[in-house]
Amino acid sequence: MSARPDRTPLPRSFYDRPVLTVAPDLLGRTLVRRTPQGPLELRITEVEAYEGEADPGSHAYRGRTARNASMFGPPGHAYVYFIYGMWFSLNLVCGPPDHASGVLLRAGEITTGADLARKRRISARSDRELAKGPACLATALDVDRSLDGTDLCGGGDSPLSLLAGTPTPPDLVSSGPRTGVGGAGAAHPYRYWITHDPTVSPYRAHAPRRRST
């Protein structure tokens, strides 16, 4: 019989480490989202690391802007951005302040509050698809820009927190290029996922967007 996931909240020191150390260590952890309708919990199964100003694939590569300011804040906070004019994505800030590194949560398994997630993800064909992909994950958990900058170490009153959960053994972690990242950052093997987990999203290489003529 497997042990139950650890309910201990992770301290700020967990996030205050190099991003390539934090990212794979997030797999199997429990993300808690508290909403007015009730709580949801997610077992994290897929992530991507971004190294800030040293990483051509990062939003912080060209420095601080109003959009990415949360990435430069203290570790253990959320960075939420809007993409393609329709979707939100949730990132966890890590490393020291002003370093601007973060981890994108790409996929997970809804373990609590699936009924709430289904109402938000009506196109999901099964519960495995409720949080399969970063936009689906944010939609299922009711994440938007209002949560940008949220302190995950803020205790039980915070809308977001992270519990120890069940860390994934290193031999069950796979890595490869990040989805949809082009240019100089395309080949970085900064995407990590739980091997063979059915909630992991499919890999898609970067496809340049066509310009209208």
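Residues numbered from 1 in each chain as written. Predicted model: local features only at pLDDT ≥ 70, side-chain atom pairs only at ≥ 80, totals over all residues. Heavy atoms only, no water.

What follows concerns the layout of surface pockets. By volume, the largest pocket is sized at about 970 Å³. Residue lining of the largest pocket: 36 residues in total, with I83, Y84, R106, T179 and G180 positioned closest to the centre. Listing elements by their share of the lining of the largest pocket, those giving two or more residues are β3 (38–50), β4 (78–83), β5 (87–94), β6 (101–112) and α4 (134–140). Considering each element in turn, the lining of the largest pocket owes the most residues, 4 residues, to β6. Split by residue class, the lining of the largest pocket holds 16 nonpolar, 12 polar and 8 charged. For the second largest pocket, the calculated volume is near 210 Å³. Residue lining of the second largest pocket: R4, P5, R7, G28, T30, E41, R43, T111, T112, G165 and T166, and that is the complete set. Among the elements of the structure, β3 and β6 are those that each provide at least two residues to the lining of the second largest pocket. Tallied by class, the residues present in the lining of the second largest pocket amount to 1 nonpolar, 6 polar and 4 charged. (1 Å grid on protein atoms, 1.4 Å probe; cavity = no way out; pocket = protein on both sides within 12 Å on 5 of 7 lines; lining within 4 Å. Points joined across faces, edges and corners; volume = space filled by probe spheres on them. Helix = DSSP H or I, 4+ residues; strand = E, 2+ residues; numbered from the N terminus. Nonpolar A, V, L, I, M, F, W, Y, C, P; charged D, E, K, R; others polar.)

Looking now at unusual backbone geometry. Located in the positive-phi region is A100, a residue other than glycine, with phi close to 65°. Tracing the backbone through its elements, the reader meets A100 in the loop between β5 and β6. For D142, which is not a glycine, the phi torsion comes out positive at approximately 60°. What makes D142 partly exposed here is its relative accessible area of 30%. (Buried < 20%, exposed > 50% of the residue type's maximum accessible area, 1.4 Å probe, protein only.)

For H77, the position within the fold is in the loop between β3 and β4. Distance in space between the C-alpha atoms of H77 and T195 is 27 Å, their sequence separation being 118 residues.

Our next topic: the packing of aromatic side chains. Counted by the stated rule, this structure contains 3 aromatic pairs. Between F14 and Y15 the ring centres are 5.4 Å apart and the planes differ by 85°, which places this aromatic pair in the edge-to-face class. You can call F14 buried: its relative accessible area is 7%. In this structure Y15 comes out as buried when scored by relative accessible area, which is 0%. Between F82 and F88, the ring centres sit 4.8 Å apart and the planes meet at 35°, which makes this aromatic pair tilted. Of the residues examined, F82 reaches a relative accessible area of 39% and is grouped as partly exposed. Across from the ring centre of F14, 4.6 Å away, lies the NZ or CZ of R17, which sits over that ring. When the ring centre of W193 is taken as origin, the NZ or CZ atom of R191, which lies over that ring, is 4.2 Å away. (Phe/Tyr/Trp six-rings, centres within 6.5 Å; stacked < 30°, edge-to-face > 60°. Lys NZ or Arg CZ within 6 Å of the ring centre and 35° of its normal.)

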